Amino acid sequence: MKKVLIVDDDIVIIRFLKHMISHQLHFPCEGAKSMMEAKKLLKDGSQYAIALVDANLPDALEGECIDLVLDKKIPVIMMSNTMDSELHEKMIQKDILDYVNKDNINSFDYTKRLLQFVYSFAGSEVLLVDDSKTSRLQIKVSLNKLPLILHEAADGIEALEVLREHPTTQLVITDKNMPNMGGLELIQEIRKNHNINQLAVIGISASNEPMMSVEFLKNGANDFITKPFMPEEMLSRVISNLEMLYYIKLAEKSAVKDFLTGLYNRRYLYETGKKLYENAKREHLSIVVAMIDIDYFKKINDRYGHEAGDMALKYLGELFIKEFRDSDVVTRYGGEEFCIILTNTQMNHATKVMEGICSKVEDMRIEINKISFRMTLSIGLNDKMLGSFDQMIASADEKLYRAKNEGRNRVVT
């Protein structure tokens with residue numbers, strides 16, 4: 001995972017942001033107190049996803065550090081103690097992503113949202129619908145700083161065709177008055193196949209009629225903006241609407257997904273496992289249940305802190321998602337324990353797979369806040385179709401404890 005770079009001459013600000021980013025967002029980050037320190041860290045600029053940079057540093061009073069980071073193609077959120085119109089205009093010309101006022105603690109909540117957006121919404125598809133190329137260009141200028149994929153259409157009919165070609169589009173921004181099919185009719189057509197929680201729509205219009213926003217909203221739009229608009233307003237509205245979709249999907253997934261690791265949870269394991277067990281018995285198929293535990297996990301928490309422990313769990317979740325098949329059921333069982341059902345798999349193959357996982361984990365280096373450490377796994381496997389799925393898990397759990405008693409960092413069958 002790429003890091004967040006923080007550049008500020010105030011060590012208190014750096015510590016505050018590091019805690020917020022690593023503890024609340026679980027993103028790796030590094031700090032620099034000057035442009036000189038930032039230069040050293042930026043020798044490999046590819047390791048950073050985004051940077052928070054103070055506009056005035058002791059060795060960069062005119063925003064030179066912002067230019068340095070932008071030259072590395074890293075999006076920048078500018079930080080400043082004051083934000084007058086002159087500084088605002090100057091920074092906007094530097095093509096920064098956005099800016100925050102350090103004197104207002106609430107502005108850091110917005111910073112957190114921006115960071116979450118860069119990490120979570122990269123590649124989100126947005127459709128711009130307007131018969132005016134100038135208007136579409138204005139919106140594109142506002143949104144090009146975000147890691148979005150932008151599609152365009154000149155009217156409602158063309159927009160529907162673009163949506164058919166790009167069904168994963170999450171947001172439509174549409175003008176009202178267009179030839180062939182206007183914005184309101186377009187929204188009505190969209191809502192026949194996509195509800196308000198699946199695809200967001202922002203209506204735009206140059207009209208100042210008081211009922212214009214109501215007309216858009218009653219026809220199925222999520223939001224409305226009046227032309228002309230500030231780039232920051234469009235940016236904020238887009239972020240808010242994509243966030244809304246994200247949190248709705250998150251709420252739907254939370255019933256079966258573990259938030260920290262991204263893996264399925266214990267509830268899903270038992271619901272799905274029992275079905276797989278019955279199907280395997282009926283069709284004479286082979287399944288292998290694996291119980292996995294991180295060795296000496298308590299020592300990781302005690303020595304490096306719970307933040308490091310969370311990062312270890314997150315790294316492991318990412319590795320499991322990458323290494324196991326879509327047909328396998330990969331779950332966080334609880335704490336530092338994981339349970340995996342390998343479908344249509346014989347024990348000899350499952351053993352090789354798990355031994356490979358052990359090797360990869362042993363070689364994996366976990367880094368957080370300039371701390372670096374390694375970990376190992378103990379794994380117990382069971383392929384016996386016992387009296388129930390619960391008994392298969394219990395058997396795998398017994399093998400897991402044998403692995404621990406025999407020295408850890410091993411697979412026991």
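Data block above holds the structure.
Below or above, wherever it landed, is the structure these notes cover.

Calculation rules
- Along each chain, residue indices are assigned from 1 in the same order as the chain's sequence is written.
- Residue-level local features of this predicted model are given only where pLDDT is at least 70; pairs of side-chain atoms are given and counted only at 80 or more, and the full residue set underlies all totals for whole chains, interfaces and linings.
- Each side-chain value is derived from all of the structure's non-hydrogen atoms; neither hydrogens nor water enter the calculation.
- In this scheme, strands are said to pair when DSSP sees at least two bridges between them.
- Only DSSP runs of H or I with at least four residues qualify as helices, and only runs of E with at least two residues qualify as strands; both kinds are numbered from the N terminus onward.
- An axis is simply a line fitted to the C-alpha atoms; with a helix, the fit covers only the stretch in contact. Between two such axes, the angle follows the N-to-C directions and lies from 0 to 180 degrees.
- The contact definition used throughout considers only heavy atoms, calling two residues in contact when any of these lie within 4.5 Å.
- Throughout this description, buried means an accessible area under 20% of the type-specific maximum (1.4 Å probe, protein chains only), exposed means over 50%, and partly exposed covers the range between.
- Note: the arc covers the axis-to-C-beta directions of the helix.
- For classification, angles of less than 35 degrees are called roughly parallel, those exceeding 145 degrees roughly antiparallel, those between 65 and 115 degrees roughly perpendicular, and all remaining angles oblique.
- Handedness of a helix crossing follows the sense of rotation of the near helix relative to the far helix, less than a right angle counterclockwise being left-handed and clockwise being right-handed.
- All residues other than Ala, Val, Leu, Ile, Met, Phe, Trp, Tyr, Cys, Pro, Asp, Glu, Lys and Arg, Gly among them, are scored as polar; the first ten of these are nonpolar and the last four charged.
- Note on definitions: salt bridges are taken to be side-chain nitrogens of Lys or Arg within 4 Å of carboxyl oxygens of Asp or Glu.
- In summary, the pairing rule links any two rings of Phe, Tyr or Trp, Trp by its six-membered ring, whose centres are within 6.5 Å, and it sorts them by plane angle into stacked for under 30 degrees, edge-to-face for over 60 and tilted for everything else.
- Over a ring means this: the NZ of a Lys or the CZ of an Arg is within 6 Å of the ring centre and within 35 degrees of the ring normal.
- A residue counts as positive if it is Lys or Arg and as negative if it is Asp or Glu; His and the chain ends are not included.
- Put plainly, a pocket is an open set of points on a 1 Å grid over the protein atoms alone with protein on both sides within 12 Å along at least five of seven lines, a cavity is a set where a 1.4 Å probe fits but cannot get out, and a lining residue has an atom within 4 Å of a point.
- Grid points are joined across faces, edges and corners, and a volume is the space filled by probe spheres set on the points.

Describing the sheet that holds strand S4 (residues 76–80)
- An order of S2-S1-S3-S4-S5 is seen for the five strands of this open sheet, with the pairing classed as parallel. Looking at which strands have only one partner, the edges of the open sheet turn out to be strand S2 (29–32) and strand S5 (98–101). For this sheet, the mean inter-axis angle between neighbouring strands, taken without regard to orientation, is 20°.
- By the bridge criterion, four bridges tie S4 to S5 in an arrangement that is parallel. Paired with Ile77 across the strands is Asp98, a residue of S5.
- In this fold helix H5 (residues 107–120) packs onto strand S1 (3–7), strand S3 (48–54), S4 and S5, with an angle of close to 160° to the strand it touches most, S3.

Side note on helix H8 (residues 183–190)
- Taken as a whole, H8 has its buried residues at Gly183, Leu184, Leu186, Ile187 and Ile190. One face of H8 carries all of its buried residues, which in axial projection span an arc of 160°.
- Contacts made by the buried residues of H8 are with strand S6 (125–129), helix H7 (156–165), strand S8 (171–175), strand S9 (200–205) and helix H9 (212–218).

Describing the packing of helix H1 (residues 11–25) against H5
- Interaxial distance between H1 and H5 falls to 11 Å at its minimum, and their mutual angle equals 50°. Relative to H5, the element H1 lies oblique. Crossing geometry of H1 relative to H5 is assigned as right-handed. Contacts from Ile13, Phe16, Leu17, Met20, Ile21, Gln24 and Leu25 in H1 reach Phe108, Lys112, Leu115 and Gln116 in H5.
- Within the contact of H1 with H5, the residues separate by chemical class into eight nonpolar, two polar and one charged.

Details of the pattern of salt bridges
- In this structure the tally under the stated criterion is 25 salt bridges.
- Salt-bridge contacts for Arg237 lead to Asp223; the nearest nitrogen and oxygen are separated by 3.0 Å. With Arg237 in helix H10 (residues 231–254) and Asp223 in strand S10 (residues 223–226), this pair connects stretches of sequence that are 14 residues apart.
- Overall, the relative accessible area of 25% leaves Arg237 in the partly exposed class.
- Linked through salt bridges whose partners overlap, the residues forming this network are Asp293, Asp295, Lys404 and Arg408.

With respect to the packing of aromatic side chains
- Tallied over the full model, the rule gives 12 aromatic pairs.
- Judged by centre distance (4.5 Å) and plane angle (20°), the ring pair of Phe117 and Phe121 falls under stacked.
- If you follow Lys257 out to its NZ or CZ, it ends over the ring of Tyr264, 4.9 Å from the centre.
- In this structure, Arg266 is placed above the aromatic ring of Tyr333, and the distance from its NZ or CZ to the ring centre is 4.0 Å.

What about the packing of helix H12 (residues 297–304) against helix H13 (residues 306–323)?
- Between H12 and H13, whose axes approach to 6 Å, the crossing angle comes to 135°. Considering the angle they form, H12 stands oblique to H13. Where H12 abuts H13, its residues Phe297, Ile300, Asn301 and Tyr304 lie against His306, Ala308, Gly309, Ala312 and Leu313.
- The residue inventory of the contact of H12 with H13, partitioned by class, reads six nonpolar, three polar and no charged.

A look at the side chain of Glu337
- Within the secondary structure layout, Glu337 lies in strand S13 (residues 337–343).
- Although Glu337 lies buried, it forms no salt bridge, and the closest oppositely charged side chain, Arg266, sits 6.3 Å away as judged by the N-O distance.

Brief notes about the layout of surface pockets
- Of the voids in this model, the largest pocket is the one considered here, and its volume is about 860 Å³.
- Forming the walls of the largest pocket are 27 residues, and the residues nearest its centre are Gln116, Ser120, Tyr246, Leu250 and Phe259.
- Of all elements in the fold, only H1, H5, H10 and H13 reach the threshold of two or more residues within the lining of the largest pocket.
- The dominant element in the lining of the largest pocket, judged by the number of residues it contributes, is H10, at seven residues.
- In terms of residue class, the lining of the largest pocket is made up of 12 nonpolar, nine polar and six charged.
- Approximately 200 Å³ is the volume attributed to the second largest pocket.
- What lines the second largest pocket is a set of 13 residues, and nearest its centre among them are Tyr264, Arg325, Asp326, Asp328 and Val330.
- Sorting the residues of the lining of the second largest pocket by element identifies H13 and strand S12 (329–334) as the ones contributing at least two each.
- Classifying every residue of the lining of the second largest pocket gives eight nonpolar, one polar and four charged.

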